Amino acid sequence: MPAKQRAVVICPGRGTYNAQEWGYLTKNHGNKPDLLNRFDQYRRDQGQPSLTELDSETPFSMKTHTRGDHASSLIYGCSIGDFKDIDRDQYDIVAITGNSMGWYTSLAAAGALTDLDGLHLVNTMGRLMHENMIGGQLIYPWFDNDWHPQWDARQRYLDLAANFREQGLGETHLSIDLGGMLVFGADTQGLKNLTRELPQQDRFPMRLHNHAAFHTPLQQPVRAIAREPLSKAPFRAPNIPMIDGRGHIWTPWSTDPAALWDYTLGHQLTEAYDFTAAIKVAAREFAPDKLIILGPGTTLGGAVAQSLIVSNWLDMDSKRAFKERQDAQKLLCAMGNEEQRGDAVRPESEKVGD
């Protein structure tokens, strides 16, 4: 048997379940009735539509499917199902990370929470974010079209947000450092000022629909509310190392569950999430042969590739360099892409329902 490839698993965040992903859960994970039944029953017990209902019976609508109390749990269900399908005979999963909400999925995939406790965390946070919709997010590129980093431009955009904040022209903060993109979280005034002052580039600056100002101090009220119902969340040390939104590694042999709880329901909610740093640490510390991005969706692939370019990993410094590496090595595998999915999953005949 050939040696296993070293794989880092990456869990997607909000915004990855859209019209083209409708049906993803039941199509790819209908063979896991125990898992889906438990998830569906949990949602019904909360007085919410089940994931199966949202994914296969309720026609897709932006208003319904992208709201926090539905989108987060749908994405979580799809991602956990994908994680269970990874071929462990082919891949040794050496680390897990995620973008934004994907951190919660990482906790369950790595074994720091059970599947159902992970759903409870995701569902609770999604519901609280929806019920307390504070501010919003917009996204803006700082790479050029060939994916060359433009460091001076990046600093100008960050300074612009800082100046608005200092001048009392809106609460404008970096929310997510996302490869070649900056995601800003802001209040209504701040969003208007950023939209007006950032240079227009094609469709950017782009406002993200149904997104609050995640990972900014604006979420302090949500943090205070969330810590009470989740005070007894049964965190434990993970089975697989996890990389958080600071680039910090949580290992099976050194994790303090109380500290993990505090980060997840503290810093992770109110401070900027550095996805670029997480990917940099994943590449440099764990030297993966493959980076497997869980579904749904395929939009996170660009941010992963750009994060590798920022890190100058394997001498990649542009879109062309990344494409050459990808063509030769199949470095990235997005399970939301049907063509790439087959590189990660066990043969259909060997899958076991869960």
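Our subject in this report is the structure included herewith. Computed from a predicted structure; not experimentally measured. (Residues numbered from 1 in each chain as written. Predicted model: local features only at pLDDT ≥ 70, side-chain atom pairs only at ≥ 80, totals over all residues. Heavy atoms only, no water.)

## Thoughts on the sheet that holds strand E11 (residues 332-334)
Sheet strands pair via backbone hydrogen bonds, and the direction of the pair is either parallel or antiparallel. The condition is simple: One bridge is not enough; two strands pair if DSSP finds at least two bridges between them. A run of H or I in DSSP counts as a helix once it spans at least four residues, and a run of E counts as a strand once it spans at least two, with each numbered from the N terminus. Contact between two residues is taken to exist if any of their heavy atoms lie within 4.5 Å; hydrogens are not considered. Under this scheme, a helix contributes an axis fitted over its contacting stretch, all axes are lines through C-alpha atoms, and angles between N-to-C directions fall in the 0 to 180 degree range.
With respect to topology, six strands assemble into an open sheet ordered E8-E7-E2-E1-E10-E11, the strand pairing being mixed. In this open sheet, the two edge strands, each paired with only one partner strand, are strand E8 (249-250) and E11. Direction of pairing for strand E10 (residues 290-293) relative to E11: parallel, over a ladder of three bridges. Opposite Ile-293, over in E11, you have Ala-334 as the bridge partner. Across the sheet, helix H6 (residues 102-109) is in contact with strand E1 (5-11), strand E2 (91-98), strand E7 (242-243) and E8; its angle to E2 comes to roughly 145 degrees.

## Describing the sheet that holds strand E6 (residues 206-207)
If you walk across this open sheet you meet the five strands as E6-E3-E5-E4-E9, and the pairing is mixed. Each of the sheet's edge strands pairs with one partner strand only, and the pair in question is E6 and strand E9 (273-274). Bridge analysis of strand E4 (residues 172-178) against strand E5 (residues 181-186) gives six bridges, and the strand direction is antiparallel. Counted as the bridge partner of Leu-174 is Phe-184 from E5.

## Describing the layout of surface pockets
Applied cut-off: The rule is simple: put a 1 Å grid over the protein atoms alone, call a set of points where a 1.4 Å probe fits but cannot get out a cavity, call an open set with protein on both sides within 12 Å along at least five of seven lines a pocket, and count a residue as lining if it has an atom within 4 Å of a point. Grid points are joined across faces, edges and corners, and a volume is the space filled by probe spheres set on the points. Following the grouping adopted for this structure description, the nonpolar residues are Ala, Val, Leu, Ile, Met, Phe, Trp, Tyr, Cys and Pro, the charged ones are Asp, Glu, Lys and Arg, and the polar ones are all others, Gly among them.
By volume, the largest pocket is sized at about 1,100 Å³. If you trace the largest pocket, you find 43 residues lining it, with Ile-139, Leu-178, Met-206, Leu-208 and Thr-299 closest to the centre. Elements supplying a minimum of two residues to the lining of the largest pocket: strand E3 (136-141), E4, E5, E6 and helix H14 (300-310). Of all the elements, H14 adds the most residues to the lining of the largest pocket, at four residues. Of the residues contributing to the lining of the largest pocket, the split by class is 17 nonpolar, 19 polar and seven charged. The computed volume of the second largest pocket comes to approximately 260 Å³. Around the second largest pocket, the lining comprises 13 residues; the ones closest to its centre are Gly-301, Phe-322, Gln-326, Leu-332 and Gln-340. The set of elements that each furnish at least two residues to the lining of the second largest pocket consists of H14, helix H15 (319-329) and E11.

## Some points on H14
To keep things clear, this is the line we draw: Residue exposure (1.4 Å probe, protein chains only): buried if accessible area is under 20% of the type maximum, exposed if over 50%, otherwise partly exposed.
Across the eleven residues that make up H14, a large majority, nine, are buried. Buried within H14 we find Leu-300, Gly-301, Ala-303, Val-304, Ala-305, Gln-306, Ser-307, Leu-308 and Ile-309.

## Brief notes about the nonpolar core
Just so we agree on the cut-off: Put simply, a nonpolar core is a bunch of buried Ala, Val, Leu, Ile, Met, Phe, Trp, Tyr and Cys residues held in one set by side-chain atoms that sit within 4.5 Å of each other.
In terms of nonpolar packing, the biggest core is built from 107 residues, with Met-125 and Phe-275 touching the most fellow members. The biggest single contributor to this core is helix H13 (residues 275-286), with seven residues. Apart from residues no more than four positions distant in its own chain, Phe-275 is found in contact with Ile-10, Gly-98, Asn-99, Ile-176, Asp-177, Leu-178, Leu-300, Ala-303, Val-304 and Ser-307.

## What about the packing of helix H2 (residues 33-45) against helix H7 (residues 115-131)?
Using the following cut-off: Any angle that falls under 35 degrees is termed roughly parallel, while one over 145 is termed roughly antiparallel, one within 65 to 115 roughly perpendicular, and all others oblique. Crossings are sorted by hand: turned counterclockwise from the far helix by less than a right angle, the near helix makes the crossing left-handed, and turned clockwise it makes it right-handed.
In contact at an axis separation of 11 Å, H2 and H7 are set at 40 degrees when each is read in the N-to-C sense. With respect to their mutual orientation, H2 and H7 come out oblique. In the crossing of H2 with H7, the sense of the turn from one axis to the other is right-handed. Of H7, the residues touching H2 (which contributes Leu-35, Arg-38, Phe-39, Tyr-42 and Arg-43) are Asp-115, Leu-116, Leu-119, His-120, Asn-123 and Thr-124. Class assignment of the residues belonging to the contact of H2 with H7 gives a composition of five nonpolar, three polar and three charged.

## Considerations on the environment of Asp-85
Filter applied, for reference: Any pair of N or O atoms that falls within 3.5 Å is considered a polar contact. Within protein, one atom must be able to donate a hydrogen and the other to accept it, and sequence-neighbouring residues count only if both atoms are side-chain atoms.
For Asp-85, the location among the structural elements is in helix H5 (residues 68-85). Of the residues examined, Asp-85 reaches a relative accessible area of 0% and is grouped as buried. In this structure the C-alpha to C-alpha distance between Asp-85 and Met-129, which are 44 residues apart in sequence, comes to 30 Å. Within the structure, Asp-85 has its side chain in polar contact with the side chain of Lys-32 (distance 2.9 Å).

## Considering the packing of aromatic side chains
Basically, it comes down to this: Here a Phe, Tyr or Trp ring, Trp counted by its six-membered ring, pairs with any other such ring whose centre lies within 6.5 Å, and the pair is stacked when the planes are under 30 degrees apart, edge-to-face when over 60, and tilted otherwise. The criterion for a charge sitting over a ring is simple: Lys NZ or Arg CZ within 6 Å of the ring centre, and within 35 degrees of the ring normal.
This structure, assessed with the given rule, holds eight aromatic pairs. Ring centres 5.8 Å apart and planes at 40 degrees place the aromatic pair Phe-39 and Tyr-76 in the tilted group. With Phe-39 in helix H2 and Tyr-76 in helix H5, the pair connects residues that are 37 residues apart, well separated along the chain. For Phe-39, a relative accessible area of 0% puts it in the buried group. For Tyr-76, a relative accessible area of 0% translates into the label buried. Note on Trp-147 and Phe-322: the rings are 6.3 Å apart at their centroids and 45 degrees apart in plane angle, and the pair reads as tilted. Taken as a pair, Trp-147 in the loop between E3 and helix H8 (151-166) and Phe-322 in helix H15 lie far apart in primary sequence, 175 residues in all. Given the relative accessible area of 10%, Phe-322 is considered buried. Site record: aromatic cluster; members linked through ring pairs are Trp-103, Trp-250 and Tyr-263. Over the ring of Trp-142 we find Arg-154; its NZ or CZ atom is 4.9 Å from the centre of that ring.

## Concerning the side chain of Asp-244
Assignment of secondary structure puts Asp-244 in the loop between E7 and E8. Ignoring sequence-local partners within four residues, the contact set of Asp-244 consists of Trp-103, Trp-250, Tyr-263, Tyr-273 and Ala-278.

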